[in-house]
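If you want the building blocks of each chain, they are given just below.
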Amino acid sequence: FVAEKQRNALSLGNFSMSWQGFMPARSLVMSRRRAQLAPPEQPTEALIFVSAGLQDPSAADLLTKMIQAMGLTREQTSEWNIADPQFDLDERLQSAQPKVIVTLGDLAAQMLTKSVSPVSELRGRFHRFGEILVMPTFDPAYLLQNPSAKRDVWEDLKQVAAQLGLNLPKKA
């Protein structure tokens, strides 16, 4: 098992990506999918996407494309559904210790920024949830109805990538 774990670990700058703890999840159930981007000495989930659930498979597919545009895969991020009644944000954050959380949509953004402002006013800059950086942005379902907002989301994701030290892939 140790050899397989080492074979599945990848290097990303100062981070190590490990498949340890990965649990496959259906595309619409986001609370269990996990992989890790972490300094080797302290495993954490460096990037977490938080939403009220992606009900539309097309929205889930768009989230996958957004993550891939950052040079990552869905398996290299964690996705949490705060609409799950058994979801305990504080408990999950204590164990995950993410570097950045990207909130998708109003509910997640308002919950993690402790604001009543819509995501359209919160996005574009980092906020804090304790020590954790939070980047609010639009939900992929909103982007399907308002494609002109994709540029704003890309700007938000570029800030997240820079904070994580990711080198964005060059466009072909």
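Here is a short report on the structure shown in this document. This one's a predicted model, so the numbers in the text were calculated from it and none came from an experiment.

1. Some details on the overall build of the protein
So, point 1. Summing up its helical and strand segments, the protein has seven helices and eight strands in all.
So, point 2. Buried residues in the protein amount to 45% of all 172 residues.
So, point 3. Here the analysis covers contacts within the protein between residues at least 6 apart in sequence; of these, 61% occur between residues at least 24 apart.
So, point 4. Surface exposure of the protein reaches about 9400 Å², of which carbon and sulfur atoms provide 49%.

2. With respect to the side chain of serine 51
So, point 1. Residue position: serine 51 is located in strand β4 (residues 47-51).
So, point 2. When its relative accessible area of 0% is taken as the criterion, serine 51 is described as buried.
So, point 3. Of the polar contacts made by the side chain of serine 51, one reaches the backbone nitrogen of glycine 53; its length is 3.0 Å.

3. Section: the pattern of salt bridges
So, point 1. Applying the stated criterion across every chain, the model contains three salt bridges.
So, point 2. For glutamate 79, the salt bridge is made with arginine 74, and the minimal N-O distance between the two is 2.5 Å. Each member of the pair, glutamate 79 together with arginine 74, is buried.
So, point 3. When the shortest N-O distance is used, the salt bridge between arginine 123 and aspartate 156 registers 2.8 Å. Of the two residues, arginine 123 sits in the loop between α5 (119-122) and β7 (127-129) while aspartate 156 sits in helix α7 (residues 150-164), which places them 33 residues apart along the sequence. For the residue pair arginine 123 and aspartate 156, the accessibility class agrees, reading buried in each case.

About the cut-offs
- Residues numbered from 1 in each chain as written.
- Predicted model: local features only at pLDDT ≥ 70, side-chain atom pairs only at ≥ 80, totals over all residues.
- Heavy atoms only, no water.
- Helix = DSSP H or I, 4+ residues; strand = E, 2+ residues; numbered from the N terminus.
- Buried < 20%, exposed > 50% of the residue type's maximum accessible area, 1.4 Å probe, protein only.
- Contact = heavy atoms within 4.5 Å.
- Areas by Shrake-Rupley, 256 points an atom, 1.4 Å probe, with all protein chains shown as cover.
- Polar contact = N/O pair within 3.5 Å; in protein donor to acceptor, adjacent residues only side chain to side chain.
- Salt bridge = Lys/Arg side-chain N within 4 Å of Asp/Glu carboxyl O.

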